[in-house]
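# Residue-level structural notes
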Amino acid sequence: MSFEDDVRHSLRRESPPEGFAAKVLARAAALEAVKPTPKVVVMPVWRRPAAWAIAAGVTVAALIPAGMNEYRVRQEAKAADAARQLVLALDITRIQLQKTKEKLQKASKQHAL
Amino acid sequence: MKKLIAVIALALPLAAQDGFDFSRLDKLGANTDNKVTVTLDGDLLKMAAGFLGDSSDADTKAIVNSLKGVYIRSFKFKQDGMYHEADLEPLRAYLKQGRWSRIVEAREDGENAEIYILPETGGRLAGVAIISAEPREVTVVYIAGSLKPEDVAKMSGSLGIPDLGRQRNRLRAPEKKAAPKQEED
């Protein structure tokens, strides 16, 4: 036999054994069944850091204006009290100056007599 | 070193009250409940100036802004001799120092009034102090700042301060709910 005959013999067309296609399909189906599905982990809201961050942000945002308002009211009250004390102090000053002036006038009249 | 720290520690409160510790005068009022104590300095004075109403003119606001400290101690007693004249001596000793000068001293029937000024350049005053001692009343006034002699008279009056009572009530009592409106017939 020549070399060409050997090659031709080796590359000859052969039919698959009986049931080959069914076996391949069955194997493919089995592999598909085994393939793991991706796991979806669902965490409760209270275990999500992002949820906490959002809640904290909302709380702070709600508290800041209230706190600022309270601070402003207190500062206004403090200023009002300081202003009231200032008026009182200046009234007392005016009265004392007036009294001193009267004493001086009285003393100078007595001197003149 | 410890002595230096102690001196600085003692000096700081005095510096904060413009050179004299006015709480030293509080013992004058040990025998009375009829007292007025005013201590306004630094930030409190600025706050008071900021609170002056719109009706206050620019001059008044400028005067108040130029104040550095306002201290008042005023005590009234039910009987004669309920305070010690000697308790005023620390203040008198302080006012004898430096450039302070006594411009008025009036004595009459057991009553004594003194006015001290601290002159500044340009005919202005850096401070005014008044000591008034009567048998049943003693008053100390101390105003520090850059003042013209006529400024004190200008400052008297309401200074355009809005109704303080309403503001204080707003703080003390929670706002009452508005009464339901009665339907008009």
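## Examining the overall build of chain B
Helices and strands together make up the secondary structure of chain B, namely six helices and six strands. Reading chain B from its N end, one meets helices and strands in the order α-β-α-α-β-α-β-β-β-β-α-α. Out of the 185 residues in chain B, the part that is buried amounts to 41%. For chain B, the computed accessible surface area is about 11,200 Å², with 52% contributed by carbon and sulfur atoms.

## Some details on the interface of chain B and chain A
With 39 residues of chain B in contact, the opposing surface of chain A contributes 27 residues. Interface of chain B and chain A: buried area, both sides summed, is about 3,000 Å²; carbon and sulfur atoms make up 74% of it. Run the count over chain B and chain A and you get five salt bridges. Across the pair K99(A) and E134(B) runs a salt bridge, and its minimum N-O distance is 3.1 Å. Counting every contact that joins chain B to chain A gives three residue pairs in polar contact (both at pLDDT 80 or more). In terms of residue class, the side of chain B that touches chain A is built from 25 nonpolar, eight polar and six charged.

## Points about the side chain of T139(B)
Its place among the elements puts T139(B) in strand β6 (residues 137-147). Excluding residues within four positions of it along the chain, T139(B) makes contact with I92(A), Q96(A), R73(B), S74(B), I130(B), I131(B) and S132(B).

## As for unusual backbone geometry
Of note in this structure, D109(B) is not a glycine but carries a positive phi near 45 degrees. With respect to the element layout, D109(B) can be found in the loop between β3 (101-108) and β4 (111-119).

## Describing the pairing of β4(B)
Residues and elements named next belong to chain B. Burial within β4 is extensive, with seven of its nine residues counted as buried. With seven bridges joining them, β3 and β4 adopt antiparallel strand pairing. Paired with S101 across the two strands is I117, which belongs to β4. Hairpin connection of β3 to β4: two residues between the antiparallel strands, including D109 at a positive phi of 45 degrees.

## As for the nonpolar core
Within the largest apolar cluster, 30 residues are counted, with the highest numbers of intra-cluster contacts made by L86(A), L40(B), L67(B), V70(B), I72(B) and I143(B). For this core, the elements supplying multiple residues, two or more each, are α3 (49-112) of chain A together with β1 (34-41), α2 (42-51), α3 (58-66), β2 (67-76), β4, β5 (125-134) and β6 of chain B. Here this core gets eight residues from one element, more than from any other, and that element is α3(A). The residues touching V70(B), leaving out its near neighbours within four places in the chain, are L86(A), A89(A), V38(B), T39(B), L40(B), L45(B), Y142(B) and I143(B).

Calculation rules
Residues numbered from 1 in each chain as written. Chains lettered and ligands numbered in written order. Predicted model: local features only at pLDDT ≥ 70, side-chain atom pairs only at ≥ 80, totals over all residues. Heavy atoms only, no water. Helix = DSSP H or I, 4+ residues; strand = E, 2+ residues; numbered from the N terminus. Buried < 20%, exposed > 50% of the residue type's maximum accessible area, 1.4 Å probe, protein only. Areas by Shrake-Rupley, 256 points an atom, 1.4 Å probe, with all protein chains shown as cover. Contact = heavy atoms within 4.5 Å. Buried area = accessible area lost by both parts, 1.4 Å probe. Salt bridge = Lys/Arg side-chain N within 4 Å of Asp/Glu carboxyl O. Polar contact = N/O pair within 3.5 Å; in protein donor to acceptor, adjacent residues only side chain to side chain. Nonpolar A, V, L, I, M, F, W, Y, C, P; charged D, E, K, R; others polar. Pairing = 2+ DSSP bridges. Core = buried A, V, L, I, M, F, W, Y, C linked by side-chain atoms within 4.5 Å.

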